[in-house]
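Summary of structural features
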Amino acid sequence: DGANATLNSAIYLDPRDLYLRSASEIGILKLGKILSSIDDIKKVTEEEKAQFRETLKGAVLMAQEAVKKDPQNPDNWMQLGRIYEAILPFDEKGIKDALIFAYSESFRVSPRDPRPLLALARVENQIGSEDKAIAYLDEAIKIKKDFTPAYIMRADIKVADGRITDAIAGLENAVAQNVGSPDNAFIVLYIGAIYYKNGDIESAQDIFEKLILMNPNNVDARYLLALVYDKKQMTTKAIEQFEAINKIIPNNDVVVSALRNLQNGLRVSGETIPLPEP
């Protein structure tokens, strides 16, 4: 509320599109706060509905004013799209069309920027149009061949559709095409995570161990490797990984809890380790 009041003062003195976008962003945060306070969406009070409508109206108005101020600024259209996307799950009348129009306009005024295509893919995926989403992502990658978010989203869509091999091949291709990219370690980690989630523990272990050899401070790789060791009942090795993480990031609650469980003969999750098969 304090930030909102200060921004409104700035807008009164000088209504720049940057200030209007920022005020709209605060509106999105306020909408999220209202929604998080509602336990049962079916039992929303009239007061809560009115508060939501008023906040939404203000956020949309600020974003629309930013677009009017400078319709050639792609960020203004992106912000308007973000407002509509925030309420897309509620299936408001006309929201989908307005949302797609906003992101499409952002791309029209900045056709070398892949972000609107990523946003359009996200929308199509939310409404169940996976093929359209992948088409947008492919187009985004053509514009920016090292656009990591597009590779990741495309892999997620394919994994959800059961096309695991295809998803991994796409990520491996991203690494091969963008040698030297600072994101490659993250993409390789993501490949390992896909292997892990889909039961190929050996492939996941191989990837995580190699990542740690390349960078001993790779906390994410150590954490996932610890989960692999835990799954394989290699408790001593799992403890070693968590202890290493604890030195890099001391006293993390998740790490401390996992260590305590392992040291007490339990799984990372706190479950009892099953007896081996006879």
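Rules used in this analysis
Residues numbered from 1 in each chain as written. Predicted model: local features only at pLDDT ≥ 70, side-chain atom pairs only at ≥ 80, totals over all residues. Heavy atoms only, no water. Helix = DSSP H or I, 4+ residues; strand = E, 2+ residues; numbered from the N terminus. Buried < 20%, exposed > 50% of the residue type's maximum accessible area, 1.4 Å probe, protein only. Contact = heavy atoms within 4.5 Å. Areas by Shrake-Rupley, 256 points an atom, 1.4 Å probe, with all protein chains shown as cover. Lys, Arg positive; Asp, Glu negative; His and termini not counted. Charge placed at Lys NZ, Arg CZ, Asp CG, Glu CD. Phe/Tyr/Trp six-rings, centres within 6.5 Å; stacked < 30°, edge-to-face > 60°. Expected span 1.5 Å × (residues − 1). Core = buried A, V, L, I, M, F, W, Y, C linked by side-chain atoms within 4.5 Å. Axes fitted to C-alpha atoms, helices over the stretch in contact; angles between N-to-C directions. Parallel < 35°, antiparallel > 145°, perpendicular 65-115°, else oblique. Left-handed = near helix turned anticlockwise from the far one by under 90°. Polar contact = N/O pair within 3.5 Å; in protein donor to acceptor, adjacent residues only side chain to side chain.

For the protein, the count of helices and strands is 14 helices and 0 strands. Secondary structure elements in the protein, listed N-terminal to C-terminal, are α-α-α-α-α-α-α-α-α-α-α-α-α-α. A principal-axis box enclosing the C-alpha atoms of the protein has dimensions of 70 × 45 × 35 Å. In the protein, buried positions account for 42% of the 278 residues. In the protein, once contacts between residues fewer than 6 apart in sequence are set aside, the share between residues at least 24 apart is 46%. About 15,800 Å² of surface is accessible on the protein, with carbon and sulfur atoms providing 53% of the total. Where the 34 positive side-chain charges of the protein centre and where its 41 negative ones centre are 2 Å apart.

A separate point is the packing of aromatic side chains. Under the criterion given, the structure shown has 3 aromatic pairs. Arranged with centres 5.8 Å apart and planes meeting at 85°, the rings of tryptophan 77 and phenylalanine 101 form a pair that is edge-to-face. Residue tryptophan 77 is found in helix α4 (residues 74–86), and its partner phenylalanine 101 is found in helix α5 (residues 95–109); the two are separated by 24 residues along the sequence. In this structure tryptophan 77 comes out as buried when scored by relative accessible area, which is 10%. Judged by centre distance (5.9 Å) and plane angle (45°), the rings of phenylalanine 186 and tyrosine 190 are tilted. Taken together, the residues span about one helical turn, with phenylalanine 186 and tyrosine 190 both in helix α10 (residues 184–197) at a distance of 4 residues. Judged by its relative accessible area of 42%, phenylalanine 186 is partly exposed. Classification of tyrosine 190 by relative accessible area gives partly exposed; the value is 21%.

Taking 1.5 Å of rise per residue, 14 residues should cover 20 Å, and α10 covers 20 Å from first to last C-alpha, within 8% of that figure. When α10 is considered as a whole, its buried residues turn out to be Asn184, Ile187, Leu189, Ile191, Gly192, Ala193, Ile194 and Tyr196. Packing partners of the buried residues in α10 comprise α8 (148–160), α9 (164–177), α11 (201–214) and α12 (219–231).

Leu171, Phe208 and Phe242 are the most contacted members of the largest nonpolar core, which has 77 residues in total. Those residues in contact with phenylalanine 208 that lie beyond four places of it in its chain are Leu189, Gly192, Ala193, Ala221, Leu224, Leu225 and Val228. Counting residues in each nonpolar core, the second largest holds 7 residues, with Leu20, Ala23, Ile26 and Met62 among its members.

This part covers the packing of helix α1 (residues 2–13) against helix α2 (residues 17–36). Where α1 contacts α2, the two axes come as close as 9 Å, and the packing angle between them is 155°. Of the possible angle classes, the one that applies to α1 and α2 is roughly antiparallel. The two elements α1 and α2 meet at a crossing, and its hand is left-handed. Counted together, Ala3, Asn4, Leu7, Ala10 and Ile11 of α1 and Tyr19, Leu20, Ser22, Ala23, Ile26 and Lys30 of α2 form the full contact between these two elements.

With that out of the way, let us pick up the environment of threonine 272. Here threonine 272 is to be found in the segment after α14 (253–263). Relative accessible area serves as the criterion here: at 63%, threonine 272 is assigned to the exposed category. It is 38 Å that separates the C-alpha atoms of threonine 272 and glutamine 126, two residues lying 146 residues apart in sequence. Look past the residues within four positions of threonine 272 in its chain and what remains in contact with it is Leu266 and Arg267.

This part takes up the environment of alanine 204. Take alanine 204: it is sitting in helix α11. Residue classification places alanine 204 among the buried positions, given a relative accessible area of 0%. Considering only alpha carbons, one finds alanine 204 and leucine 80, 124 residues apart in sequence, at a separation of 40 Å. Contacts of alanine 204, omitting those with residues within four sequence positions, involve Gly192, Tyr195, Tyr196 and Val228.

Here aspartate 230 shows up in helix α12. At a separation of 3.3 Å, a polar atom in the side chain of aspartate 230 contacts the side chain of arginine 267.

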